[in-house]
Amino acid sequence: MDLFLKRIQSYIPDEFDAFKETLNQKMYQGLRVNTSKISKDKFIRIFKDIEGQTPFCENGFYISKSLGNHPFHMSGLYYLQEPSAMSVVECLDIKEEDVVLDLCAAPGGKSSQIATRLKNGFLVSNEIDAKRCKILLSNMERMGFMNVAITNAKPETLCSAFPSCFDKVLVDAPCSGEGMMKKHSMAYQEWSYENILYCQKRQLDILEQAYKALRKDGILVYSTCTYAKEENEEVIVSFLKKHKDMQLIDIERNFGRSGLKTDGLDEKKVRRIFPMDHGEGHFVAKLKKIEGDIKYLPILKKEKIDPLAQKFLKEQLNWLYPYMHTVSNSIFCMNREFVDFKKVKCIRQGLYCGDIIKKRFEPSHAFYMNNDLENIKHKINLDFEQANQFIHGLSLDLKCDKGYVATCFEGYPFGFGKSDGNVIKNKIPKGLRLMEGQSLYGKK
């Protein structure tokens, strides 16, 4: 590790002692409010465990407790995220109608931040690793997003299939993870200069693919959670030398500090975050494609769905969504046209409503986690003890209307069940229930 520290000292000689001190301090922890489900102001009123706003994101806050078992987390009202990581999406300047690609998306922090900004736009959230893709899907489902597709593809496969189709592309690149050393001991133990050079090559390869997917006048944001100059400023310089139609533009944010002096780069246009800036570490650069084509994602023909599904949706929703799609016996909905992904492996597109099984319709957990809260007709509010029982998979002796019902805490769904009028049978997937010995945050 002597080489690692010597490199840091060469980057910030005047602050090196301060940096070393941070290595023995606790990691910064944060959460970001999911404003597609709850307003920032209301969240602040009802949530008592935040400790000040971060400088990186208007909806980001510092915390110092483990809040993964809080009912508001299970309801998708916030995403637990390292504070400096929240800075990246702020630089994308997402517009409500944008078509966006998050090329290296798991576990979903930045994708969920993008999705909160979209109204009738569309997000393709991609992850090459199949296991990490499942985590990405679970997080996006908990947060309740609809106009999103989760893909499990190599960057070259995805970007070659949809050239010049995206307004915004995010490359939060796999890196040596120097900013995560306090979180992951493996990053500390396996640090090597050889790995930095390996990551640099992979990052340039991924950027090549992202370049293909970006349309004229589109914005590409590149980020890492490492301090290595080779993976940050030098990657951008190499990329710009190859692509004269790409222009480095000013991020116009005041978090962190300017980049490191590098030949061929205006370091004032990129941003670096060190632990002394109140986050664990990030690098962000923003580029614009000033030439090229403008193309569009291919769409699927509008279709009618099975009458069983249609009947269920009319019973459960105050209004139907304009676009529906069937995959095998599973039904999906969106507020915009479904994309034809052709040979690209798409794990999920749109809101997963449920499945037609043996001439009946079985709703999904995702259906009740949808952030379109006012559209769900049948809801029941549980007190804390009832919510704690239900999240453990237990049924509840509770009178309510017969049929499927969203179970809520403080008005926000965290699961669903099926009632016979007197008992609500638990339908939360087993993998999302708390285990014996665990409890919701707040239970004494």
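Below is a summary of the structure that appears in this document.

Rules and cut-offs
Residues numbered from 1 in each chain as written. Predicted model: local features only at pLDDT ≥ 70, side-chain atom pairs only at ≥ 80, totals over all residues. Heavy atoms only, no water. Helix = DSSP H or I, 4+ residues; strand = E, 2+ residues; numbered from the N terminus. Contact = heavy atoms within 4.5 Å. Pairing = 2+ DSSP bridges. Axes fitted to C-alpha atoms, helices over the stretch in contact; angles between N-to-C directions. 1 Å grid on protein atoms, 1.4 Å probe; cavity = no way out; pocket = protein on both sides within 12 Å on 5 of 7 lines; lining within 4 Å. Points joined across faces, edges and corners; volume = space filled by probe spheres on them. Nonpolar A, V, L, I, M, F, W, Y, C, P; charged D, E, K, R; others polar.

A few words on unusual backbone geometry. Following A106, the chain continues into P107 via a peptide bond in cis, with omega recorded as 5 degrees. Summarising the element assignment, P107 is placed in the loop between β4 (99-102) and α6 (109-115). You will see that K359, though not glycine, has its phi angle at about 65 degrees, which is positive.

Here we take up the side chain of Q200. By the element assignment, Q200 lies in helix α10 (residues 193-213). Those residues in contact with Q200, other than ones at most four positions away along the chain, are E230, E231, E234 and V235.

Right, let's talk about the sheet that holds strand β3 (residues 78-80) for a bit. With respect to topology, 3 strands assemble into an open sheet ordered β2-β1-β3, the strand pairing being antiparallel. The open sheet has two edge strands with one neighbour each: β2 (60-63) and β3. Within the sheet, the average angular offset between the axes of one strand and its neighbour, ignoring direction, is 30 degrees. Relative to β2, strand β1 (residues 29-33) runs antiparallel, the two sharing 4 bridges. Residue L31 lies in a different strand from β2, and its bridge partner there is F61.

Bringing the layout of surface pockets into the picture now. By volume, the second largest pocket is sized at about 370 Å³. Together, 17 residues line the second largest pocket, and S36, A115, L118, K119 and N371 are the ones closest to its centre. Across the lining of the second largest pocket, the residue classes tally to 7 nonpolar, 6 polar and 4 charged.

Take it as geometry only, folks, not as evidence of what the structure does.
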